[in-house]
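Read off the chains here:
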Amino acid sequence: MKNNVKKIIFDKNVQKWTGCALVVAGAILTALNIYPLNIIILNSGTIIYMIWSWRVKEMSVFVVNVSLTLIYTLGIVLTL
């Protein structure tokens, strides 16, 4: 059972689609002005997507997600 869960968590396809779903969910929350949950979900999605892009050597996606994470984090810091 543990090995199956570990395989699912570290599966590249699962990481890619989980990151994608979280980014879309975060965008929906932003459109509905649900703060700060939108930032938390967006950051979670971009971090997962960043890990996936590093693993598959997709550097353009990696750079976009690093940039988004920094922008979202800056937004959190500025609103404190």
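Structure shown above.
Given the structure is predicted, the values throughout are model-derived calculations rather than measurements.

## A few points about the packing of aromatic side chains
Each pair of aromatic rings is reported with the distance of its centres and the angle of its planes.
(1) Moving on: For the structure shown, the criterion picks out two aromatic pairs.
(2) Moving on: Each ring, one from Tyr-49 and one from Trp-52, has its centre 5.4 Å from the other, and the planes form 15°; the classification is stacked. Linking Tyr-49 with Trp-52, this pair stays in helix 3 (residues 37–55), spanning three residues, or about one helical turn.
(3) Moving on: Judged by relative accessible area, Trp-52 falls into the buried class, the value being 12%.
(4) Moving on: Relative to Phe-62, the ring of Trp-54 has its centre 5.1 Å away and its plane inclined at 50°; by these criteria the two rings are tilted.

## Points about helix 3
The α-helix advances 3.6 residues per turn, and as a result positions three or four apart in sequence lie on the same side.
(1) Moving on: Its 19 residues place the ends of helix 3 27 Å apart at the C-alpha level, agreeing with the 27 Å of an ideal helix rising 1.5 Å per residue.
(2) Moving on: Residues of helix 3 that are buried: Asn-38, Ile-39, Ile-41, Leu-42, Asn-43, Gly-45, Thr-46, Met-50, Trp-52 and Ser-53.
(3) Moving on: Each element contacted by the buried residues of helix 3 is listed here: helix 2 (12–31) and helix 4 (59–79).
(4) Moving on: In the stretch just after helix 3, Lys-57 is the one whose phi turns positive, near 60°.

## Overview of helix 2
(1) Moving on: Taking 1.5 Å as the rise per residue, helix 2 with 20 residues should run 28 Å; its terminal C-alpha atoms sit 29 Å apart, in good agreement.
(2) Moving on: Residues Gln-15, Gly-19, Gly-26 and Leu-29 constitute the buried set of helix 2. Take helix 2 and look down its axis: the buried residues cluster within an arc of 90°, on one side only. Turned more than 90 degrees away from the buried face of helix 2 sit Trp-17 and Ala-31, all of them exposed.

## Section: the packing of helix 3 against helix 4
Each pair of packed helices can be described by the angle between their axes along with the distance between the axes.
(1) Moving on: Two numbers describe how helix 3 lies on helix 4: the axes approach to 8 Å, and their chain directions differ by 155°. It follows that helix 3 is roughly antiparallel to helix 4 by the angle criterion. In the packing of helix 3 onto helix 4, the handedness of the crossing is left-handed. Listed contacts from helix 4 to Ile-39, Leu-42, Asn-43, Thr-46, Ile-47, Tyr-49, Met-50, Trp-52, Ser-53 and Trp-54 of helix 3 are Met-59, Val-61, Phe-62, Asn-65, Val-66, Leu-68, Thr-69, Tyr-72, Thr-73 and Ile-76.

Reading the values: the criteria
- The residue numbering used here restarts from 1 in each chain and proceeds along that chain's sequence as written.
- Given that this is a predicted model, residues contribute local features only at a pLDDT of at least 70 and side-chain atom pairs are listed and counted only at 80 or more, while totals for whole chains, interfaces and linings are drawn from all residues.
- In computing side-chain properties, one takes all heavy atoms of the structure into account and sets aside hydrogens as well as water.
- Side-chain rings of Phe, Tyr and Trp, where Trp is taken by its six-membered ring, are said to pair if the distance between their centres is within 6.5 Å; with planes under 30 degrees apart they count as stacked, over 60 as edge-to-face, and otherwise as tilted.
- Helix numbers and strand numbers start at the N terminus; a helix is a DSSP run of H or I with at least 4 residues, a strand a run of E with at least 2.
- Relative accessible area decides the class of each residue, using a 1.4 Å probe on protein chains only: under 20% of the type maximum gives buried, over 50% gives exposed, and in between gives partly exposed.
- Here a helix's expected span is defined as the number of its residues, less one, multiplied by 1.5 Å.
- Here, residues are in contact when the closest pair of their heavy atoms is within 4.5 Å.
- This arc describes the spread of directions from the helix axis toward the C-beta atoms.
- Between the N-to-C directions of two axes lies an angle of 0 to 180 degrees, each axis being a line fitted to C-alpha atoms and, for a helix, fitted only over the stretch in contact.
- Here is the rule for angles: anything less than 35 degrees is roughly parallel, anything more than 145 is roughly antiparallel, 65 through 115 is roughly perpendicular, and the remaining ranges are oblique.
- Helix crossings fall into two classes, left-handed where the near helix is turned counterclockwise from the far one by less than a right angle and right-handed where it is turned clockwise.

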